Amino acid sequence: MTLDELKTVVKELGMPQFTASQMARWIYQRHVRSIDEMTNISKANRERLKESFCVGAMEPIDCQRSVDGTVKYLFPTAGGKFVETVYIPDHDRATLCVSCQVGCKMNCLFCQTGKQGFEGNLTATNILNQIYALPESDTLTNIVFMGQGEPMDNLDQVLRATQLLTSADGYAWSPKRITVSSVGIKGKLKRFLDESECHVAISMHTPLPEQRSQLMPAERQMSITEIVELLKQYDFTHQRRISFEYICFAGLNDTTMHAREIVKLLKGLECRVNLIRFHEIPDVNLPGADEKRMEALRDYLTAHGVFTTIRASRGEDIFAACGLLSTAKKLEIEN
């Protein structure tokens, strides 16, 4: 709940208005697990609150730990489903990759989550719980919406979650600490750009529309060229950043021709490209590009004015790719 919503609650219960601010601090700053922990609220008022409300935090039910420190958690949702969250420590930074849906409608060829099908949107509660109930929550420096699901396909709840994360009465994070990814959905992407100040990451994976439609069916609804034209209407030169995610497949999208087309496509747009190693998933015959090919692609793009990095691969010794841990849990329950 926002502070205004908490104020409505205390008013309806006949409690002092300042109680709403006390509750907000207990929840968003101290991350209490129960109303009983809100000790500067009278016991009588805590009992009133408990009759209709709970904090709503749900602890992870499983985790996989990598030798590199990466941890993949499995969180339950209110609907009895499961979502994955990945904690990625890196020296003085700690990034959390959160999910926004159970399954996904986008069905990208290279993504295990898409193979699950779509099982439902997460509420803002379920999204925030991945942060709230995370054992390492106090160490977080960044959050990326790059887990299960397409954020623009659950836009209302994603916006609500990011607004609570950045509100002075919520987590009070800077929008610069949050990145929201998308394949690009017509109408929804523009709304997000207009209503949020968070960074944006676009899943490109190839600059060629026909090839992209084979890898990512969402291309048929909003093409990569339409996405770039939309982005050019916004200012990404100061506080806000736009990046393009690019999984590299050997011989498929890592050629010099692809590099030339990326440069042509992104001309005039202040952005960066993140090259990503492919984490293999079952029954998908896509070969990951090797280090040499990725370095050649990076060097070409950088030499032609497109700032490009190769993202360090993390958690390869655990269920690293999105959807693998939740798929395993789903099969375990079904069997």
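Residues numbered from 1 in each chain as written. Predicted model: local features only at pLDDT ≥ 70, side-chain atom pairs only at ≥ 80, totals over all residues. Heavy atoms only, no water.

### Here we look at the overall build of the protein chain
Rules: We count a stretch as a helix when DSSP gives it H or I for four or more residues in a row; a strand needs E for two or more, and each element gets its number in order from the N terminus. With the radius of gyration taken over C-alpha atoms, the globule rule is written as 2.2 Å times the number of residues to the power 0.38. Only protein chains enter the calculation, and the probe is 1.4 Å; a residue is then buried if its accessible area is under 20% of its type maximum, exposed if over 50%, and partly exposed in between. Here a residue-residue contact requires only that any non-hydrogen atoms of the pair lie within 4.5 Å. Note on areas: Shrake-Rupley with a 1.4 Å probe; residue coverage comes only from the protein chains shown. Charge convention: Lys and Arg are scored as positive, Asp and Glu as negative, and His as well as the terminal groups of each chain are ignored. Taken as the charge location is NZ of Lys, CZ of Arg, CG of Asp or CD of Glu.
If you tally the helices and strands in the protein chain, you get twelve helices and twelve strands. Over its C-alpha trace the protein chain gives a radius of gyration of 21 Å, about what one expects of a compact globule, namely 20 Å for 335 residues. By its C-alpha atoms, the protein chain is 70 × 50 × 40 Å across when sized along the principal axes. Burial analysis of the protein chain (335 residues in total) assigns 51% to the buried set. Within the protein chain, residue pairs in contact and separated by at least 24 positions form 65% of the contacts whose partners lie at least 6 positions apart. A total of about 15600 Å² of accessible surface is found on the protein chain, and carbon and sulfur atoms cover 49% of it. One finds the centroid of the 39 positive side-chain charges in the protein chain at a distance of 3 Å from the centroid of its 42 negative side-chain charges.

### Comments concerning the environment of Arg241
Mapping Arg241 onto the fold places it in the loop between α9 (224–231) and β10 (242–247). Among the residues examined, Arg241 registers a relative accessible area of 34% and is labelled partly exposed. Between the C-alpha atom of Arg241 and that of Ala201, which follows or precedes it by 40 residues, the distance is 8.3 Å. Those residues within four positions of Arg241 in sequence are excluded, and the remaining contacts are Thr179, His199, Val200, Phe236 and Arg272.

### Description of the nonpolar core
Quick note on the threshold: Residue types Ala, Val, Leu, Ile, Met, Phe, Trp, Tyr and Cys, when buried and joined through side-chain atoms within 4.5 Å, form a set referred to as a nonpolar core.
Phe110, Ile131, Leu189, Ile202, Leu231, Phe244 and Leu266 are the most contacted members of the largest nonpolar core, which has 98 residues in total. Contacts of Leu231, omitting those with residues within four sequence positions, involve Leu193, Ile202, Phe236, Ile242, Phe244 and Leu269.

### Remarks on the pattern of salt bridges
As a reminder of what qualifies: Any carboxyl oxygen of Asp or Glu that lies within 4 Å of a side-chain nitrogen of Lys or Arg is treated as forming a salt bridge with it.
Enumeration over the complete set of coordinates arrives at 18 salt bridges. A salt bridge links Arg33 to Glu59; its shortest N-O distance comes to 2.7 Å. In this pair, Arg33 sits in the loop between α2 (18–29) and α3 (43–52) while Glu59 sits in the loop between α3 and β1 (62–65), placing the two residues 26 residues apart along the sequence. Residue class for Arg33 comes out partly exposed when judged on its relative accessible area of 34%. Lys232 serves as the salt-bridge partner of Glu229, at 3.8 Å between the closest nitrogen and oxygen. Overall, Lys232 belongs to the partly exposed group, its relative accessible area being 34%. One network of salt bridges, with partners in common, ties together Asp36, Glu47 and Lys50.

### Comments concerning the sheet that holds β1
Note the following rule: Only strands joined by at least two bridges in the DSSP assignment are considered to pair. To obtain each axis, a line is fitted to C-alpha atoms, and for helices this fit is confined to the stretch in contact; angles are then taken between N-to-C directions over 0 to 180 degrees.
Spatially, β1-β2-β3-β4-β7-β8-β9-β10-β11-β12 is the arrangement adopted by the ten strands of the open sheet, whose pairing is mixed. In this open sheet, the two strands that pair with only one neighbour each are β1 and β12 (307–310). On average, each strand axis in the sheet is inclined to that of its neighbour by 20°, with strand direction left out of account. Relative to strand β2 (residues 71–76), β1 runs antiparallel, the two sharing four bridges. When the sheet's bridge partners are listed, Asp62 is paired in β2 with Leu74. Relative to strand β3 (residues 82–90), helix α5 (residues 124–132) is tilted by about 35°, and along the sheet it contacts β2, β3, β4 (93–97) and β7 (142–145).

### So, the packing of helix α7 (residues 188–195) against α9
Helix-helix packing is characterised by the crossing angle of the two axes and by the distance between the axes. Definition in use: Put simply, angles under 35 degrees are roughly parallel, angles over 145 are roughly antiparallel, angles from 65 to 115 are roughly perpendicular, and the rest are oblique. Here a crossing is taken to be left-handed if its near helix is turned anticlockwise relative to the far helix by less than a right angle, and right-handed if that turn runs clockwise. Any residue that is not Ala, Val, Leu, Ile, Met, Phe, Trp, Tyr, Cys, Pro, Asp, Glu, Lys or Arg is counted as polar, Gly included; the first ten are nonpolar and the last four charged.
With their axes 11 Å apart at the nearest point, α7 and α9 run at an angle of 20° to one another. For the element pair α7 / α9, the angle class is roughly parallel. For α7 against α9, the interelement crossing comes out right-handed. When α7 is examined against α9, the residues Leu189, Lys190 and Leu193 are found in contact with a partner set consisting of Ile227, Leu230 and Leu231. Of the residues belonging to the contact of α7 with α9, the class tally is five nonpolar, no polar and one charged.

### With respect to the packing of aromatic side chains
To be explicit about the condition: Stacked, tilted and edge-to-face are the three classes assigned to paired rings of Phe, Tyr and Trp, where Trp is represented by its six-membered ring and a pair needs centres within 6.5 Å; plane angles under 30 degrees give stacked, over 60 edge-to-face, the rest tilted. Over a ring means this: the NZ of a Lys or the CZ of an Arg is within 6 Å of the ring centre and within 35 degrees of the ring normal.
All told, the structure shown has four aromatic pairs when counted by the stated rule. Between Phe110 and Phe249, the aromatic rings sit 5.9 Å apart at their centres with planes inclined by 45°, giving tilted as the arrangement. Pair noted here: Phe110 is in the loop between β5 (101–103) and α4 (112–116) and Phe249 is in the loop between β10 and α10 (256–266), with a separation of 139 residues, a long-range link. Exposure remark for Phe110: the relative accessible area of 10% places this residue in the buried category. A relative accessible area of 0% means that Phe249 is categorised as buried. Aromatic ring contacts, followed pair by pair, group Phe110, Phe249 and Phe278 into a single cluster. When the ring centre of Trp26 is taken as reference, the NZ or CZ atom of Arg30 above it lies at 4.5 Å. Between the NZ or CZ atom of Lys105 and the centre of the ring of Phe118, over which it lies, the distance is 4.7 Å.

### Digging into the packing of α5 against helix α6 (residues 155–166)
Interaxial distance between α5 and α6 falls to 8 Å at its minimum, and their mutual angle equals 45°. When the axis of α5 is compared with that of α6, the two are oblique. For the pair α5 and α6, the sense of crossing is right-handed. Of α6, the residues touching α5 (which contributes Ala124, Ile127, Leu128 and Ile131) are Gln157, Val158, Arg160, Ala161, Leu164 and Leu165. Among the residues forming the contact of α5 with α6, the class breakdown is eight nonpolar, one polar and one charged.

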